[in-house]
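Chains, contacts and geometry: an overview
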Amino acid sequence: MSQPSPGRPGRTTGVHENIHSVVRRIPSGRVATYGQVAAFEGSCTPRMVGYAMASIPSGSDVPWHRVINSKGTISLSPGSDGQQFQRAMLESEGVVFDERGRVDLKLFGWNGPGLKRG
DNA sequence: AGATTGACTGCAT
DNA sequence: CATGCAGCCAATC
């Protein structure tokens, strides 16, 4: 796998790559919050995650649609193309949305690669 | 070089 | 549930 950033976890730049890698680890049918991704990445903040998401080009292999905010809702504006795409994509993976467009994080929330069934 | 922004989070009111 | 405030730090102008 390409590793554009050298083995320096303390590096500030290149956070996108790290975040993208973490997002890529989110299994299908699961969603993770920005805070979770940030916490799992280990050295970035939710802000950086959101920024990295916006930096993901279309066609990327990063399942950015599996990243939502702590409220279990899609951060993008409701009605926006990206928002509709994200919701449609999640539903297609088995994620169920509430009538108000919310996801139950305790059902579909990603617990990290350490958790396998439960 | 400084100022502004941003797909966030958490707590208080 | 809406609003306000503080913390976070890279990207952008």
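Details of the structure are given in the entry above.
This text gives an overview of the structure that appears in the document.

What counts as what
- Residues numbered from 1 in each chain as written.
- Chains lettered and ligands numbered in written order.
- Predicted model: local features only at pLDDT ≥ 70, side-chain atom pairs only at ≥ 80, totals over all residues.
- Heavy atoms only, no water.
- 1 Å grid on protein atoms, 1.4 Å probe; cavity = no way out; pocket = protein on both sides within 12 Å on 5 of 7 lines; lining within 4 Å.
- Points joined across faces, edges and corners; volume = space filled by probe spheres on them.
- Helix = DSSP H or I, 4+ residues; strand = E, 2+ residues; numbered from the N terminus.
- Nonpolar A, V, L, I, M, F, W, Y, C, P; charged D, E, K, R; others polar.
- Near = heavy atom within 4 Å.
- Polar contact = N/O pair within 3.5 Å; in protein donor to acceptor, adjacent residues only side chain to side chain.

**Looking at the layout of surface pockets**
- One number sums up the size of the second largest pocket: a volume of about 180 Å³.
- Around the second largest pocket, the lining residues are Tyr34, Gly50, Met53, Ala54, Ile56, Ser58, Trp64, Val67, Ser75, Leu76 and Gln86.
- Ranked by residue count, the leading element in the lining of the second largest pocket is helix α3 (residues 46-54), at three residues.
- Looking at the lining of the second largest pocket residue by residue, the class counts come to seven nonpolar, four polar and no charged.

**Observations regarding the protein's contact with DNA strand B**
- With respect to spatial proximity, 14 residues lie near DNA strand B, and among them Tyr34, Arg47, Trp64, Asn69 and Ser70 are the closest.
- Among the atoms of DNA strand B close to the protein, meaning within 4 Å, 45% are from sugar or phosphate groups.
- Separating a base nitrogen of DNA strand B from a side-chain N or O atom of tyrosine 34 is a distance of 3.0 Å.
- Contact distances for DNA strand B include 3.5 Å between a base nitrogen and a backbone N or O atom of alanine 54.
- Here the surface near DNA strand B gets six residues from one element, more than from any other, and that element is α3.
- The residue inventory of the surface near DNA strand B, partitioned by class, reads seven nonpolar, six polar and one charged.

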